Amino acid sequence: MKLQFDRGTIVLMDPPKDLDLTAAPGLRWDRRVGAHRAPASRYPALKRWLLQSRAGFQDIPAPLSTPQELWLDVELRPYQEAALSAWELGHRRGVVALPTGSGKTRLALAAMHRTRLSALCLVPTRVLLDQWLREIGALYRGPVGCYGDGVRRWAPLTIATFESAYRHMDQLGDRFELVIVDEVHHFGGGLRDETLEMTIADARLGLTATPSRDAGVAARLTELVGATVFELAVADLAGGFLASFDSITLYLDLTSEERSAYMGLAALFTSAHAEFRRLAPNGSWADFTHHAARTPEGRRALSAWRQMRRLLAFTHAKRRALESLLGRHWHSRVLIFTADNETAYAIAREHLVMPLTCDISRPERDDVLERFRHGDLRTLVSARVLNEGLDVPDADVAVVVGGALGEREHVQRVGRLLRPSEGKRAVVYELVTRNTLEVGQARRRRQGLVVRRSAQL
Amino acid sequence: MLSADLLSYSVAGTLAVPHYLGEHDHPWLRALLDEHERFIGRPRRELEARLRDPLPCDSPPQKLGLAIRILGKLRPRERKSAVPPRLARAHVFGEAARTSAPRQTIWTMVAASLGVSREDLQESLFGDLPGERLVASPAQPLSAAELAVRCNLAVVQGMLFRATVVRIEIEGNTRVLIRHAKWRGLICSLAGRSDSGRATVELSGPFALFRNTRLYGRALGELVPLLAWCPHFRLRADCVFNGRRLTLQLGTGDPIFPSSSPRRYDSLLEERFAREFRRLAPGWDVIREPEPIASESTLIFPDFALQHRSDPTRRWLLEIVGFWTADYVARKLALYRSARLSNLILCIDEQRNCAEADLPSGARVVRYRRRVDAAAVLRVIDATTCPR
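Conventions adopted
- Residues numbered from 1 in each chain as written.
- Chains lettered and ligands numbered in written order.
- Predicted model: local features only at pLDDT ≥ 70, side-chain atom pairs only at ≥ 80, totals over all residues.
- Helix = DSSP H or I, 4+ residues; strand = E, 2+ residues; numbered from the N terminus.
- Rg over C-alpha atoms; globule rule 2.2 N^0.38 Å.
- Buried ≥ 20, exposed ≤ 12 C-beta atoms within 10 Å, placed from the backbone.
- Contact = placed C-beta atoms within 7 Å.
- Nonpolar A, V, L, I, M, F, W, Y, C, P; charged D, E, K, R; others polar.
- Domains from an automatic or database assignment.
- Pairing = 2+ DSSP bridges.
- Axes fitted to C-alpha atoms, helices over the stretch in contact; angles between N-to-C directions.
- Parallel < 35°, antiparallel > 145°, perpendicular 65-115°, else oblique.

A. Geometry of the overall build of chain A. Per the secondary structure count, chain A includes 16 helices and 18 strands. Its C-alpha atoms give chain A a radius of gyration of 25 Å, within 12% of the compact-globule value 23 Å for 457 residues. Counting only C-alpha atoms and orienting by the principal axes, one finds that chain A spans roughly 80 × 55 × 40 Å. Out of the 457 residues belonging to chain A, those deemed buried represent 46%. Within chain A, contacts between residues at least 6 apart in sequence are counted, and of these 74% link residues at least 24 apart.

Spelled out as structure tokens, the structure:
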């Protein structure tokens with residue numbers, strides 16, 4: 001009998017006829033190839049079951065480990081030590097939730113260093129791919145593999161973007177014992193979950209600043225990575241390991257022309273949306289857009305919704321407020337966040353500040369961040385690129401002109417300011433237009449910053 | 001791959017029926033192409049802004065969105081800028097961070113330092129961004145009919161992107177299809193034969209055993225252009241749309257635009273044999289790459305089926321074993337031995353030195369040197385009553 005890794009699954013070849021496989025974890029009969037097959041993620045359980053059954057079998061080749069001597073020491077802060085212990089106590093499975101800027105990557109490095117397991121680190125973007133490669137390279141002297149941004153290079157320690165891992169896990173799934181998932185909240189919702197089911201790695205560590213509060217997603221994530229084993233919020237660390245910050249909301253008005261246009265669009269949208277709510281009280285926004293796209297009235301409502309968003313993205317009052325804030329913080333490092341790229345470019349032209357968007361090439365982005373670090377640029381404007389994970393040099397003022405993604409986005413954005421330094425007190429300005437949908441959006445997105453449950457061991 | 005809102009189909013029972021663009025769509029497609037042509041050489045954002053407003057004639061919004069998307073895939077031209085945009089940004093934003101001078105002064109200073117006018121500098125600043133790229137004309141003139149079939153292909157591929165398993169009853173071009181499927185990591189198994197004797201091939205990925213995964217949707221969608229070149233096919237795909245399981249059916253004659261044509265013959269040897277056999281035996285059909293045959297847990301593909309036109313029971317499968325490695329030949333012969341075919345003709349290169357014991361029992365063997373003698377094959381056929 002033999003176990004064989006086959007494109008993200010484990011195939012059991014030639015089992016003895018007297019072995020009852022009905023209780024074997026994950027195994028199903030695959031009539032296409034005439035053999036039993038299990039998802040690769042069930043390999044550890046299947047192997048344990050075969051050993052307990054005292055059935056002799058030829059195992060799949062063990063992944064290579066990383067030699068200890070190639071690692072430099074990884075020092076941790078006390079809360080990082082506590083998080084790592086919680087993960088170890090959870091049998092090397094689970095999610096650690098720490099605020100942006102609190103050193104999640106360092107925690108991941110310590111997990112790799114201490115376990116010496118071959119590890120695959122998954123990151124959501126190409127920018128983060130580079131950042132992880134740099135950080136690992138500073139503490140590990142061996143070769144580091146990379147999957148993403150046109151590169152396919154394997155090593156016992158490998159970094160891959162989510163997209164590349166999804167595409168190549170059929171080849172990579174049997175090569176690692178530990179999987180680390182940065183921004184793990186992207187998983188659990190069904191999209192690309194197979195990535196984590198197609199690897200044999202028993203040890204799994206998920207990292208996030210914004211764990212999902214959806215019970216279904218959390219349960220699925222528990223299956224894929226493990227339960228949340230440690231959690232701290234911004235407020236737990238602000239003033240100590242993270243910089244303190246003030247959050248200031250500036251409520252602004254629309255001009256009479258803007259208000260008139262907004263009211264017209266809102267009426268169009270609201271009538272169609274209210275009708276949908278009457279028909280489907282529990283329908284989601286996706287259900288509404290699907291429903292609305294089928295009728296001319298619905299399409300007009302969707303168009304009105306988009307125009308409302310465009311109108312609110314950069315109103316006359318926001319223009320004046322931004323002008324004033326940039327003047328007041330002329331000597332500070334300022335990050336401006338917008339709802340979309342169009343607004344980011346409009347601000348870039350109007351205020352002559354560098355935009356950092358997905359359209360700007362990676363070498364130019366690196367160059368821009370380096371100039372920001374040295375003070376040659378003091379203000380950046382971005383819609384989404386700065387939201388997640390990117391190690392932004394020491395900024396101390398943020399101006400949120402608009403946002404589209406709610407609580408999670410806001411927590412990530414505020415996190416950009418929290419790198420601590422002597423006497424630092426950061427400030428976050430939110431520009432919110434009165435009596436519009438922005439008021440509710442702003443209230444909801446701030447909820448992510450309140451104190452959550454602390455460490456749970 | 002297309003987003004769900006651009007997939008135009010209706011549901012009939014458990015079937016998802018794609019809404020193909022046809023002749024009735026040509027008037028608005030022509031209007032769209034005219035608009036596109038009008039904007040050639042202008043920034044893409046201007047075309048995008050124009051197309052947010054209605055066309056001069058009625059156009060179904062979903063199909064229009066699809067056609068705009070397909071047109072948008074035509075590669076735009078880079079814009080020529082007076083100053084490389086990255087350099088312009090470095091200078092303008094760097095200067096703005098250094099000095100508190102009024103913005104107009106900054107533009108003037110930087111333009112002077114780069115030796116260009118202020119207007120040229122302002123145009124260069126974001127000249128490389130997607131919306132600033134210039135609308136390009138297609139490599140070949142695109143008609144409304146061609147745009148329609150390109151849209152249809154995109155819809156079908158978009159629907160297959162949501163497929164978990166595909167079954168194809170197929171005749172001809174099978175090898176190209178299966179080769180591509182295997183290269184893309186799909187499992188190909190023989191799911192049965194139709195009354196007409198055509199094989200049904202089932203294609204799915206290893207992980208499809210456990211869940212309705214989209215993991216293989218892209219690979220399954222890539223098969224469609226290859227199908228368009230099969231003399232006959234019928235495809236059924238199990239798809240999941242918004243959590244609902246539906247079946248997509250495609251068949252010969254559907255308006256699906258093909259990619260480039262696959263090569264008809266693998267080698268000159270095969271091409272010459274087919275030509276000579278047709279000349280010598282006008283009463284016989286020579287079918288290139290007929291249905292695959294299951295052997296062990298894989299599929300084998302004879303090179304030809306030779307079938308008498310008035311008596312289809314007189315049907316022979318012919319395999320040319322040519323200039324391949326010894327391992328390959330041994331594996332191929334083992335598969336044929338295992339398949340136990342009674343109507344197989346093996347044409348074996350004399351240089352292969354195959355021992356009689358290696359050959360499948362019951363197979364008729366024609367040895368050849370440099371060219372397969374069609375007359376020798378015909379003699380074998382005439383001398384034998386086909387046991388099929």
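B. Structural context of the interface of chain A and chain B. Taken together, the contacts link 26 residues of chain A with 26 residues of chain B. Among the elements of the structure, β3 (28-30) and β4 (35-39) of chain A are those that each provide at least two residues to the side of chain A that touches chain B. A breakdown of the residues in the side of chain A that touches chain B according to their chemical character gives 10 nonpolar, three polar and 13 charged.

C. Spotlight on the domain arrangement of chain A. Residue and element names in this part refer to chain A. Entries for chain A in the domain assignment read domain 1 (2-52), domain 2 (68-232), domain 3 (244-254 + 315-449) and domain 4 (257-313). Taking only C-alpha atoms into account, the centre of domain 1 sits 27 Å from that of domain 2. Opposite the eight residues of domain 1 that make contact, domain 2 presents 10 residues.

D. Inspection of the sheet that holds strand β12 (residues 315-321) of chain B at higher detail. All names here are of chain B. Reading across the sheet, the five strands line up as β8-β11-β12-β13-β14 and stay open at both edges, with mixed pairing between neighbours. Of all strands in the sheet, those bounded by a partner on one side alone are β8 (284-288) and β14 (364-368). Sheet twist, expressed as the mean angle between neighbouring strand axes with direction ignored, is 25°. Examined bridge by bridge, strand β11 (residues 304-308) and β12 share four bridges and lie antiparallel to one another. Bridging from a neighbouring strand, leucine 306 pairs with tryptophan 316 of β12. In the packing of helix α11 (residues 268-280) onto the sheet, contacts are made with β8, β11 and β12, and the angle to β8 comes to roughly 165°. Sitting on the sheet, helix α13 (residues 374-383) is in contact with β11, β12, β13 (344-349) and β14, with an inclination near 165° to β14.

E. Geometry of the packing of helix α10 (residues 285-292) of chain A against helix α11 (residues 296-313) of chain A. Residues and elements named next belong to chain A. The geometry of α10 relative to α11 is characterised by a closest axis approach of 8 Å and an angle of 130° between their N-to-C directions. Taken together, the axes of α10 and α11 lie oblique to each other. Contact residues: Thr289, His291 and Ala292 in α10; Gly298, Arg299, Ala301 and Leu302 in α11. Its residues assigned to classes, the contact of α10 with α11 comprises three nonpolar, three polar and one charged.

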